[in-house]
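Residue-level structural notes
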Amino acid sequence: MQLETGKSTQGVVGSFKTIVKEEGFGRLYRGLLPPLLMEAPKRATKFAANDFWGKRFMTLTGEKKMTQNLAIATGCAAGATESFVVVPFELVKIKLQDKSSTFAGPMDVVRQVVRKEGLLGLYAGMEATMWRHLWWNGGYFGCIFQVRSLLPKPETNKARLLNDLTAGTVGGLVGTAINTPFDVVKSRIQGSSNVPGVVPKYNWTYPALVTIFREEGPAALYKGFVPKVLRLAPGGGVLLLVVEFTLNVFRQALGPPYI
């Protein structure tokens, strides 16, 4: 949906029907391998970077506890850090999912991109990917801090995990609402082919946002929002739940001074 230019003529269900009718059911899973391979290093980097930048920002500002502003800044910094890990995987995924794609598979994308553009070609769309992850993580971690502060203080592990699920789901929803326009731009940039001597229509993030808004209207910046939010809102809740549960298990197993 995000690679489609012009006014969208069909929604999520219509897109599913068209893909299955024209390209077969298997096409729905094209480009699945890169996200699967990316998931573990991406999530590990996200939370490790958030912890790292959180400590650094508290030291720089002299704060003893995390604040709302620091939570947002920390999330943004973690997102920018995370983007360096995900760009090559995202590039391969977008190339495979393009309707006009003729690539045989993920490794064929890598070989052709490296042969034509060098190793740095795998980092096409780096700037747009950075903005996408910066704003999503800023919204995600900022909302987690705010929602946790508004919820009743948990008295049991079950209540604490329920709070984490709620905070993570709200964070995923808000993060997706903020970053979807940047995701649309990233998909357009990574889906385009470099032609020698020709300046790409979609090149830098913020000028591309203006171009899409002017030519296709504001709704075009939210193409693919529904499937994204259906995946990332509950996914954000489950992600936080799993991370906090795992950390709690390690704390209990290791004991002081790790608790």
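Structure: see above.
In what follows, the accompanying structure is described. (Residues numbered from 1 in each chain as written. Predicted model: local features only at pLDDT ≥ 70, side-chain atom pairs only at ≥ 80, totals over all residues. Heavy atoms only, no water.)

1. A closer look at the side chain of Asn 137
- Structurally, Asn 137 is set in helix H5 (residues 126–150).
- With sequence-adjacent residues up to four places away left out, Asn 137 is seen in contact with Lys 46, Gly 75, Cys 76, Gly 79, Glu 82 and Gly 142. (Helix = DSSP H or I, 4+ residues; strand = E, 2+ residues; numbered from the N terminus. Contact = heavy atoms within 4.5 Å.)

2. Considering the packing of helix H3 (residues 68–97) against H5
- Two elements in contact, H3 and H5, have axes whose closest approach is 6 Å; the angle formed by their N-to-C orientations is 140 degrees. As for the relative orientation of H3 and H5, their crossing is right-handed in sense.
- Class assignment of the residues belonging to the contact of H3 with H5 gives a composition of 13 nonpolar, 10 polar and 3 charged. (Axes fitted to C-alpha atoms, helices over the stretch in contact; angles between N-to-C directions. Left-handed = near helix turned anticlockwise from the far one by under 90°. Nonpolar A, V, L, I, M, F, W, Y, C, P; charged D, E, K, R; others polar.)

3. Some details on the pattern of salt bridges
- Per the counting criterion, the structure on display carries 13 salt bridges.
- Here Asp 51 and Lys 55 are joined by a salt bridge, their closest N and O atoms 3.3 Å apart. Linking Asp 51 with Lys 55, this pair stays in helix H2 (residues 33–61), spanning 4 residues, or about one helical turn.
- On the accessibility criterion, Asp 51 (43% relative accessible area) is partly exposed.
- Across the pair Arg 148 and Asp 164 runs a salt bridge whose closest N-O atoms are separated by 2.9 Å. Note that Arg 148 is positioned in helix H5 and Asp 164 in helix H6 (residues 157–191), a separation of 16 residues in sequence. (Salt bridge = Lys/Arg side-chain N within 4 Å of Asp/Glu carboxyl O. Buried < 20%, exposed > 50% of the residue type's maximum accessible area, 1.4 Å probe, protein only.)

4. Concerning the packing of aromatic side chains
- Inspection of every chain in the model, using the stated rule, returns 10 aromatic pairs.
- Ring geometry for Phe 47 against Phe 141: centres 5.5 Å apart, planes inclined by 80 degrees, an arrangement best described as edge-to-face. Separated by 94 residues along the polypeptide, Phe 47 in helix H2 and Phe 141 in helix H5 bring together distant segments of the chain. In this pair, the class of Phe 47 matches that of Phe 141, namely buried.
- Connected via pairs of aromatic rings, a cluster forms that spans Phe 47, Trp 136, Tyr 140 and Phe 141. (Phe/Tyr/Trp six-rings, centres within 6.5 Å; stacked < 30°, edge-to-face > 60°.)

5. What about the packing of H6 against helix H7 (residues 205–216)?
- Viewed as axis vectors pointing N to C, H6 and H7 meet at an angle of 95 degrees, and their least axial separation amounts to 10 Å. Comparing their axes, H7 and H6 come out roughly perpendicular. Each of Pro 181, Phe 182, Val 184, Val 185 and Arg 188 in H6 lies in contact with H7, whose residues at this interface are Thr 205, Tyr 206, Ala 208, Leu 209, Ile 212 and Glu 216.
- Each residue belonging to the contact of H6 with H7 can be placed in one class, and the counts come to 8 nonpolar, 1 polar and 2 charged. (Parallel < 35°, antiparallel > 145°, perpendicular 65-115°, else oblique.)

6. A look at the environment of Val 113
- For Val 113, the position within the fold is in helix H4 (residues 106–117).
- Taking C-alpha positions, Val 113 is 9.8 Å from Ala 124, a pair spaced 11 residues apart along the chain.
- The contact partners of Val 113, leaving out residues within four places of it in the chain, are Leu 91, Gly 118, Gly 121 and Leu 122.

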